[in-house]
Amino acid sequence: MSAQVQSARKTVKDIAAAKGGVPIVSLTAYTAPMAALLDEKCDLLLVGDSVGMVVHGLPTTVGVTLEMMILHGQAVMRGSKRAFVVVDMPFGSYEASLEQAFLNASRVMKETGCQAVKIEAGEYAADTVRFLVERGIPVMAHVGLRPQATNVDGGFKARGRTEKERNKVIAEAVAADEAGCFAMVIEGVAEDLAAQITKQVSCPTVGIGASATCDGQILVTDDLLGMFDWTPRFVRRYADLRSDIGKAVDGYAADVRARTFPGEKETYTLKKQP
Ligand code: KIV
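Since the model is a prediction, treat every value here as computed from it, not as a measurement.

Undergrad: Mind showing me how you'd approach the site of the ligand here?
TA: In the neighbourhood of the ligand, the contacting residues comprise T28, L46, G48, D49, S50, D88, K118, H142, V185 and I208. Here an oxygen atom of the ligand sits 3.2 Å away from a polar atom, N or O, in the side chain of D88. Tallied by class, the residues present in the shell around the ligand amount to 3 nonpolar, 4 polar and 3 charged.

Undergrad: Would you explain the pairing of strand β7 (residues 205-208) in this entry?
TA: The two faces of a sheet get side chains in turn, since along a regular strand they alternate between them. The alternating pattern of β7 places T205 and G207 and V206 and I208 on opposite faces, both of which are buried. Pairing of strand β6 (residues 183-187) with β7, which is carried by 4 bridges, proceeds in the parallel orientation. From the neighbouring strand, M184 faces β7, where its bridge partner is T205. On the question of chirality, the crossover connecting β6 to the parallel β7 by way of helix α9 (residues 191-200) is right-handed. Where β7 meets strand β8 (residues 216-219), 2 bridges bridge the pair, whose relative direction is parallel. Bridging from a neighbouring strand, V206 pairs with G216 of β8.

Undergrad: Please clarify how the packing of aromatic side chains should be interpreted in this entry.
TA: The geometry of an aromatic ring pair is captured by two quantities: the separation of the ring centres and the angle between the planes. Under the criterion given, the structure shown has 2 aromatic pairs. Between F84 and F182 the ring centres are 5.4 Å apart and the planes differ by 65°, which places this aromatic pair in the edge-to-face class. Within this pair, whereas F84 is found in strand β3 (residues 84-88), its partner F182 is found in the loop between α8 (163-178) and β6, the two being separated by 98 residues in sequence. Here F84 falls in the buried class, since its relative accessible area comes to 1%.

Undergrad: Even after reading the chapter, I still don't get the nonpolar core, so can you show me in this structure?
TA: Side chains of a nonpolar character, in soluble globular proteins, are inclined to be buried together. If you look at the biggest cluster of nonpolar residues, it comprises 75 residues, and the most contacted ones within it are V117, M184 and I197. If sequence neighbours within four positions are ignored, V117 has contacts with V86, V87, M89, A105, V108, M109, L132, I137, P138, V139 and M140.

Undergrad: Just checking my understanding: could you explain the pattern of salt bridges for this structure?
TA: Opposite charge on two side chains lets them pair, provided their charged atoms get close. Applying the stated criterion across every chain yields a total of 12 salt bridges. Between K19 and D215 there is a salt bridge, with the nearest N and O atoms lying 3.0 Å from each other. In this pair, K19 sits in the loop between α1 (12-16) and β1 (24-28) while D215 sits in the loop between β7 and β8, placing the two residues 196 residues apart along the sequence. Taking relative accessible area as the criterion, K19 reaches 26% and is therefore assigned partly exposed. Residue class for D215 comes out buried when judged on its relative accessible area of 7%. Between D192 and R166 there is a salt bridge whose closest N-O contact spans 3.0 Å. In this pair, D192 is assigned in helix α9 and R166 in helix α8, connecting sequence segments 26 residues apart. On the basis of relative accessibility, which here comes to 47%, the residue D192 falls in the partly exposed class. The class for R166 is buried, based on a relative accessible area of 14%. Connected via shared salt-bridge partners are E67, R107 and E111.

Parameters and conventions
- Residues numbered from 1 in each chain as written.
- Predicted model: local features only at pLDDT ≥ 70, side-chain atom pairs only at ≥ 80, totals over all residues.
- Heavy atoms only, no water.
- Near = heavy atom within 4 Å.
- Polar contact = N/O pair within 3.5 Å; in protein donor to acceptor, adjacent residues only side chain to side chain.
- Nonpolar A, V, L, I, M, F, W, Y, C, P; charged D, E, K, R; others polar.
- Buried < 20%, exposed > 50% of the residue type's maximum accessible area, 1.4 Å probe, protein only.
- Helix = DSSP H or I, 4+ residues; strand = E, 2+ residues; numbered from the N terminus.
- Pairing = 2+ DSSP bridges.
- Right-handed = clockwise from strand over helix to strand, strands pointing away.
- Phe/Tyr/Trp six-rings, centres within 6.5 Å; stacked < 30°, edge-to-face > 60°.
- Core = buried A, V, L, I, M, F, W, Y, C linked by side-chain atoms within 4.5 Å.
- Contact = heavy atoms within 4.5 Å.
- Salt bridge = Lys/Arg side-chain N within 4 Å of Asp/Glu carboxyl O.

Pasting the structure below:
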């Protein structure tokens, strides 16, 4: 028998153990080079279906396919060594039946080598979470603002702002927790709701637009790097790459037009003959 291969990656146990402790640091990643940059600094990398909007220019995440998620999941796994990697199940890949969910989620696990999948968990989805977990697939749930439900909800709006909706979000979170998810994203809810869910569920909560009361935070990396003109209110920009890229390309264009690029340093010459 060959020697046991030890993975240096964080495990589902490491993530679950972070409940109530040092906050979990997570970001989205879609490519190998970005995954390599984030790997040492993050506990968890999410190959989010936001890739559809951020990288492919789609208007919402509804058009994202399983093939896109697998391709980006493979790239992120190649680029990272240490972080726990979760791949989003896209709209239409897990809602029709438990069997559909298992077949597609197991494909994502096998073809990417990721450690878990994430599903947007309305209350109906608790059965899906249980079905997958019992069959060996760790599941992260996603409650509150659910981008895949944007057509029903009427846009990307904060959730749980009325008593009725608040109770619904709590019921969704509790159902997913009881069904065995190892962690859950809470998106776009008021602080007191995030705090109540975090207190009520046994798994760690990872907030995005859901206050510092969660057990961890996640942002879309391109938002924090300042790649877009507009970002939601809950984003803090730590860089202004959009403007840096604009300046860099202006410099390049000016040099090309002035024939000062390429210069001597960037130009091959004939090898000196002996
Ligand atoms: O798709 C995504 O990037 C996400 C995060 C915003 C949590 O689900």
